[in-house]
Amino acid sequence: MSWGIELWDQFDNLEKHTQWGIDILEKYIKFVKERTEIELSYAKQLRNLAKKYQPKKNSKEEEEYRYTACKAFLSTLNEMNDYAGQHEVISENMTSHITVELARYVQELKQERKSYFHDGRKAQQHIEICWKQLESSKRRFERDCKEADRAQQYFEKMDADINVTKADVEKARQQAQVRHQMAEDSRADYSSILQKFNHEQHEYYHTHIPNIFQKIQEMEERRILRIGESMKTYAEVDRQVIPIIGKCLDEIVKAAESIDQKNDSQLVIEAYKSGFEPPGDIEFEDYTQPMKRTVSDNSLSNSRGEGKPELKFGGKSKGKLWPFIKKNKGAAPEDFSNLPPEQRRKKLQQKVDELNKEIQKEMDQRDAITKMKDVYLKNPQMGDPASLDHKLTEVSQNIEKLQLEAQKFEAWLAEVEGRLPARGDQARRQSGMYEAQNPTTVNNCAQDRESPDGSYTEEQSQESEVKVLATDFDDEFDDEEPLPAIGTCKALYTFEGQNEGTLSVLEGETLYVIEEDKGDGWTRIRRNEEEGYVPTSYVEVYLDKNAKGAKTYI
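Throughout what follows, the structure given in this document is the object of discussion. (Residues numbered from 1 in each chain as written. Predicted model: local features only at pLDDT ≥ 70, side-chain atom pairs only at ≥ 80, totals over all residues. Heavy atoms only, no water.)

1. Thoughts on the overall build of the chain
At step 1: The secondary structure content of the chain amounts to 13 helices and seven strands.
At step 2: Here the chain, with 554 residues, has 36% of them falling under the buried criterion.
At step 3: Taking the contacts inside the chain whose residues are at least 6 apart along the sequence as the reference set, 72% of them involve residues at least 24 apart.
At step 4: With the model as given, the accessible surface of the chain reaches about 35300 Å², and the carbon-plus-sulfur share is 52%. (Helix = DSSP H or I, 4+ residues; strand = E, 2+ residues; numbered from the N terminus. Buried < 20%, exposed > 50% of the residue type's maximum accessible area, 1.4 Å probe, protein only. Contact = heavy atoms within 4.5 Å. Areas by Shrake-Rupley, 256 points an atom, 1.4 Å probe, with all protein chains shown as cover.)

2. Here we look at a nonpolar patch on the surface
At step 1: Residues Leu-49, Tyr-53 and Phe-73 make up a contiguous nonpolar surface patch of roughly 280 Å² in combined accessible area.
At step 2: With respect to the helices, strands and loops of the structure, Tyr-53 is situated in the loop between α2 (11–52) and α3 (60–64).
At step 3: Looking at Tyr-53, the relative accessible area reads 42%, which means it is partly exposed. (Patch = residues over 30% accessible without salt bridge, like charges linked within 9 Å, V, L, I, M, F, W, Y side chains within 5 Å. Salt bridge = Lys/Arg side-chain N within 4 Å of Asp/Glu carboxyl O.)

3. A closer look at the packing of α2 against helix α4 (residues 68–160)
At step 1: For the pair α2 and α4, the least separation of the axes is 8 Å and the interaxial angle reads 165°. Between α2 and α4, the interaxial angle falls into the category roughly antiparallel. Crossing angle aside, the handedness with which α2 passes α4 is left-handed.
At step 2: Each residue belonging to the contact of α2 with α4 can be placed in one class, and the counts come to 25 nonpolar, 11 polar and 10 charged. (Axes fitted to C-alpha atoms, helices over the stretch in contact; angles between N-to-C directions. Parallel < 35°, antiparallel > 145°, perpendicular 65-115°, else oblique. Left-handed = near helix turned anticlockwise from the far one by under 90°. Nonpolar A, V, L, I, M, F, W, Y, C, P; charged D, E, K, R; others polar.)

4. A short note on the packing of aromatic side chains
The description of two aromatic rings rests on the distance between their centres and on the angle between their planes.
At step 1: Taken as a whole, this structure holds 13 aromatic pairs when the rule is applied.
At step 2: Look at Tyr-28 and Phe-31: their rings are 5.9 Å apart centre to centre, the planes differ by 35°, and that puts the pair in the tilted class. Remark: Phe-31 and Tyr-28 occur in helix α2; sequence separation between them is three residues, near one turn of the helix.
At step 3: Residue classification places Tyr-28 among the buried positions, given a relative accessible area of 10%.
At step 4: Through a chain of ring-to-ring contacts, the aromatic side chains of Tyr-493, Phe-495, Trp-522 and Tyr-538 assemble into a single cluster.
At step 5: The lysine or arginine in question, Arg-226, covers the ring of Tyr-105, its NZ or CZ lying 4.7 Å from the ring centre. (Phe/Tyr/Trp six-rings, centres within 6.5 Å; stacked < 30°, edge-to-face > 60°. Lys NZ or Arg CZ within 6 Å of the ring centre and 35° of its normal.)

5. Regarding the side chain of Glu-200
At step 1: On the secondary structure map, Glu-200 appears in helix α5 (residues 166–257).
At step 2: This buried residue, Glu-200, is left without a salt bridge; Lys-196 holds the nearest opposite charge, at 6.0 Å.
At step 3: Not counting chain neighbours up to four residues away, the residues in contact with Glu-200 comprise His-126, Ile-127 and Cys-130. (Lys, Arg positive; Asp, Glu negative; His and termini not counted.)

6. Thoughts on the pattern of salt bridges
At step 1: In this structure the tally under the stated criterion is 24 salt bridges.
At step 2: Close ionic contact of Arg-47 with Glu-88 constitutes a salt bridge, the shortest N to O distance being 3.1 Å. Residue Arg-47 is located in helix α2, and its partner Glu-88 is located in helix α4; the two are separated by 41 residues in the primary sequence.
At step 3: Classification of Arg-47 by relative accessible area gives partly exposed; the value is 31%.
At step 4: Here Glu-515 and Lys-518 are joined by a salt bridge, their closest N and O atoms 3.1 Å apart.
At step 5: By relative accessible area, Glu-515 is classed as buried at 7%.
At step 6: With relative accessibility at 55%, the residue Lys-518 sits in the exposed group.
At step 7: The network of salt bridges with shared partners includes Glu-515, Lys-518, Arg-524, Arg-526 and Glu-531.

7. Some remarks on the nonpolar core
At step 1: Counting 40 residues, the largest nonpolar core has Leu-25, Tyr-28, Met-94, Ile-98, Phe-213 and Ile-216 as its most contacted members.
At step 2: Only α2, α4 and α5 provide two or more residues apiece to this core.
At step 3: Of all hydrophobic cores here, the second largest spans 32 residues; its members include Val-395, Leu-413, Ile-486 and Cys-489. (Core = buried A, V, L, I, M, F, W, Y, C linked by side-chain atoms within 4.5 Å.)

8. Considerations on the sheet that holds strand β7 (residues 539–543)
At step 1: The five strands lie next to each other as β6-β5-β4-β3-β7, forming an open sheet whose pairing is antiparallel. In the strand order of this sheet, the two ends are held by β6 (530–535) and β7, each with one partner. Adjacent strand axes in the sheet meet at a mean angle of 40° when their direction is disregarded. (Pairing = 2+ DSSP bridges.)

9. So, the environment of Ser-258
At step 1: By the element assignment, Ser-258 lies in the loop between α5 and α6 (261–272).
At step 2: Overall, the relative accessible area of 45% leaves Ser-258 in the partly exposed class.
At step 3: Considering only alpha carbons, one finds Ser-258 and Ala-72, 186 residues apart in sequence, at a separation of 7.2 Å.

10. Focus: the pairing of strand β4 (residues 510–515)
At step 1: Of the strand pairs in this sheet, strand β3 (residues 487–491) and β4 are connected by four bridges, and their pairing is antiparallel. Bridge pairing in β4 places Cys-489 opposite Leu-511.
At step 2: Here β4 runs beside strand β5 (residues 522–527); their pairing, made up of three bridges, is antiparallel. Bridge pairing in β5 places Val-513 opposite Ile-525.
At step 3: The turn joining β4 and β5, which pair antiparallel and follow one another in sequence, is formed by six residues; a positive phi near 100° is taken by Gly-519.

In structure tokens:
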């Protein structure tokens, strides 16, 4: 099966067919290109969809994602991002492995096809020229033969006429001989050109055209094979991402299976539990005899503790039906006293944690500035140490402000939890200025009490029950027995303890450690009879593993 043999006379049709093949290839390239654009558009839409339903930071939606069902939905959104990424991979691979490669191949194919058909037209033109030469020599031979016949007839006519002179007869004979010689020459030339044309024609139809058509056939078969390989690649690109897409779907199923309805129900309890006891039975009010109604011991007004005086109401019973009474609306107070006890405790605890994080952040910044200042002192060419004083003072003021704020919320939290807001070692180590700057913080926050409608009111008569002065706790702290040393430490930098509760140290000084850093950035040390706190980052601690209270590090 050879185009050169079977289609020797179909030059124009082969030219059209090969052009159609290139058009088909370009059509397939366009199809794949549009598919890649669809994949990119689909991936973009999936990502936008996942982003649209992502919870906004610091919003109520973010709190809702504590529930397992919402967590599963969030996992689904994250997996949709990965799912979209696989469609982007499909687009990239199809572009690089199919579109780009085929576009380059089409350009090469066009050049190759152009070369083959150029050779074919050149051979065609050559055989046409040979044919024209043959036709020209044939017509010349035919014309010369006719002229020789006419000259011969004219000579014979002149020779037979008795009235013609001998000279005229001789002239006619010579003319006939010339014409006859010209005919013989034309015949020889025609014979030579005919032989040459037959040779060229044989070469054209049996050698040149078959070779050119064979190359065109091979080119066309390579094109067909190439488009088939591209279709296989098209399928493989899709097949390669199927396992990853399957994993994405498996993760979505796994997230769905992790939904725990019991856990979500418990979270609802934790979110909305008020901490109040249900109201007791309403006593029968006998209007036939004068009497004063008292509030049930189980009512809301007595839920603060047994030590509070029993409240009495005249007329209708207020406070017993607190779940059915609308709560006061307006701006929420700073101490969250408008919330039920359990919810108030959670809000206060959350606020305390946030303040502690901010305090730690400011302390880290202060330590960094202090170290930078120390570097400037040792290497003045790197910077002016005095330029950091303003920033260091500002950070220290921020720390003191945050510590006072944290103490205020800790006092409110202690009140809600039913304990006195006694200042422990951690509060003392955070700042030695609480007592001097804010001695009345606890007093102010301890005046709030619950009202029958679920909110809180101030009761001045109960103020003396929770009012505690900071100096009382200082005395209690001073009466404690000295703590045993649990190791030693070496001062890496000089620290000037200006606040109460801190201890000044010199660089290189060795001191005793009596309490480790509990996560607040301070270590408690002793020098002779002096005790106080220094920043943990300023000392290198060597703990005695056998000492009582020392932690064991593995």
